[in-house]
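# Structure at a glance
Below are the chains, spelled out letter by letter.
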Amino acid sequence: MKSASILLSLLAAIAFTAPAAPGHAVGGECDSAGCSLDLPVRGAGVSFGNSLHFNGLRLNLMDSRVEEINGVNITLWKPGKNPDAVMRGIMLGLVGPSAAELRGISVGALVVAAESRVAGLAIGGLAAVSEGNTDGVMVGGLASVCEGDFNGISVGGLAAVAEHDFNGISIGG
């Protein structure tokens, strides 16, 4: 049992530190955005590293150029640019999840940010931000900001902001 734990730790370390060299995958996929070690079974499983498409549990240091993730996504550092990313399920980040669309539960120690849509629950230690529409609940320690239409509940320690139509409950300090 201990040797399996050591092997998984070693594989995770390799995936996190693997060079971003095209054509050099570490048992998964690799491109200029980085490498991943994907362990899928029947289309879902566990991924270590920057897999661009994945279903299941994904553990990554920094999201960059992600396209679609379904399941649980855990990111340890500040995300890179993800202008086309759609993440569905549970997204957790020490800094915070960032994608074009966040659908499900998104929690960030600092911020949760979506470029076009938040659907579900978004909680950011400092801010929860949607540059597009929001359907659901957004909670930001300092601010909850929606630049599009908002349908749901918005809570911000200092401010709860919606730039367009707002339907629901808004609470701001």
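Below is a short write-up of the structure. (Residues numbered from 1 in each chain as written. Predicted model: local features only at pLDDT ≥ 70, side-chain atom pairs only at ≥ 80, totals over all residues. Heavy atoms only, no water.)

Summing up its helical and strand segments, the chain has 1 helix and 14 strands in all. Taken over 173 residues, the chain has a buried fraction of 37%. A separation threshold of at least 6 residues defines the contact pool for the chain, and within that pool the share at least 24 residues apart is 4%. (Helix = DSSP H or I, 4+ residues; strand = E, 2+ residues; numbered from the N terminus. Buried < 20%, exposed > 50% of the residue type's maximum accessible area, 1.4 Å probe, protein only. Contact = heavy atoms within 4.5 Å.)

Attention now moves to the pairing of strand β7 (residues 98-108). Relative to β7, strand β6 (residues 86-93) runs parallel, the two sharing 8 bridges. Residue Met 87 lies in a different strand from β7, and its bridge partner there is Leu 102. (Pairing = 2+ DSSP bridges.)

In the structure shown here, the tally under the stated rule is 1 aromatic pair. Ring geometry for Phe 150 versus Phe 166: centroids 4.9 Å apart, planes at 15°, classification stacked. One end of the pair, Phe 150, is in strand β12 (residues 150-156); the other, Phe 166, is in strand β14 (residues 166-172), and 16 residues separate them in sequence. (Phe/Tyr/Trp six-rings, centres within 6.5 Å; stacked < 30°, edge-to-face > 60°.)

With that settled, the discussion passes to the pairing of strand β9 (residues 127-130). One face of the sheet, then the other: side chains in a regular strand alternate in exactly this way. Looking at chain direction, strand β8 (residues 111-124) and β9 are connected through 4 bridges and run parallel. Looking across to β9, one finds that Ala 113 is bridged to Val 129. The pairing of β9 with strand β11 (residues 143-146) spans 4 bridges and is classified as parallel. From the neighbouring strand, Ala 128 faces β11, where its bridge partner is Ser 144.

Right, let's get into a negative patch on the surface. Together, Glu 67, Asp 84, Glu 115, Glu 131, Glu 147 and Glu 163 line one region of the surface with negative charge. Its place among the elements puts Asp 84 in the loop between β5 (68-75) and β6. Classification of Asp 84 by relative accessible area gives exposed; the value is 61%. (Patch = residues over 30% accessible without salt bridge, like charges linked within 9 Å, V, L, I, M, F, W, Y side chains within 5 Å. Areas by Shrake-Rupley, 256 points an atom, 1.4 Å probe, with all protein chains shown as cover. Salt bridge = Lys/Arg side-chain N within 4 Å of Asp/Glu carboxyl O. Lys, Arg positive; Asp, Glu negative; His and termini not counted. Charge placed at Lys NZ, Arg CZ, Asp CG, Glu CD.)

A positive phi angle, near 55°, is found at Arg 42, a position not held by glycine. Mapped onto the fold, Arg 42 is located in the loop between β2 (34-41) and β3 (44-49). Residue Arg 42 is classed as exposed on the basis of its relative accessible area, which comes to 87%. Here the phi dihedral of Arg 65 falls at roughly 55°; this positive angle occurs in a residue that is not glycine. Take Arg 65: it is sitting in the loop between β4 (53-60) and β5.

A separate point is the pattern of salt bridges. Considering all chains together, one arrives at 4 salt bridges under this definition. With a closest N to O distance of 2.7 Å, Arg 103 and Glu 101 form a salt bridge. One salt bridge in this structure joins Arg 117 and Asp 135, with 2.2 Å as the shortest N-O distance. Note that Arg 117 is positioned in strand β8 and Asp 135 in strand β10 (residues 133-140), a separation of 18 residues in sequence. With relative accessibility at 26%, the residue Asp 135 sits in the partly exposed group.

Attention now goes to the nonpolar core. Within the largest apolar cluster, 16 residues are counted, with the highest numbers of intra-cluster contacts made by Met 87, Leu 102, Ala 122 and Met 138. Elements supplying a minimum of two residues to this core: β6, β7 and β8. Of all the elements, β8 adds the most residues to this core, at 4 residues. Discounting chain neighbours no more than four positions away, the residues touching Met 138 are Val 118, Ala 122, Ala 128, Val 129, Ser 130, Ser 144, Val 145, Phe 150, Ile 153, Ser 154 and Val 155. (Core = buried A, V, L, I, M, F, W, Y, C linked by side-chain atoms within 4.5 Å.)

Once that is clear, we can look at the environment of Ala 113. Structurally, Ala 113 is set in strand β8. Here Ala 113 falls in the partly exposed class, since its relative accessible area comes to 23%. Residues Ala 113 and Gly 124 lie 11 residues apart in sequence; the distance between their C-alpha atoms is 8.6 Å. Discounting residues that sit within four places of it in the chain, Ala 113 has contacts with Pro 97, Ser 98, Ala 99, Leu 102 and Val 129.

The values are spatial; any link to function lies outside them.
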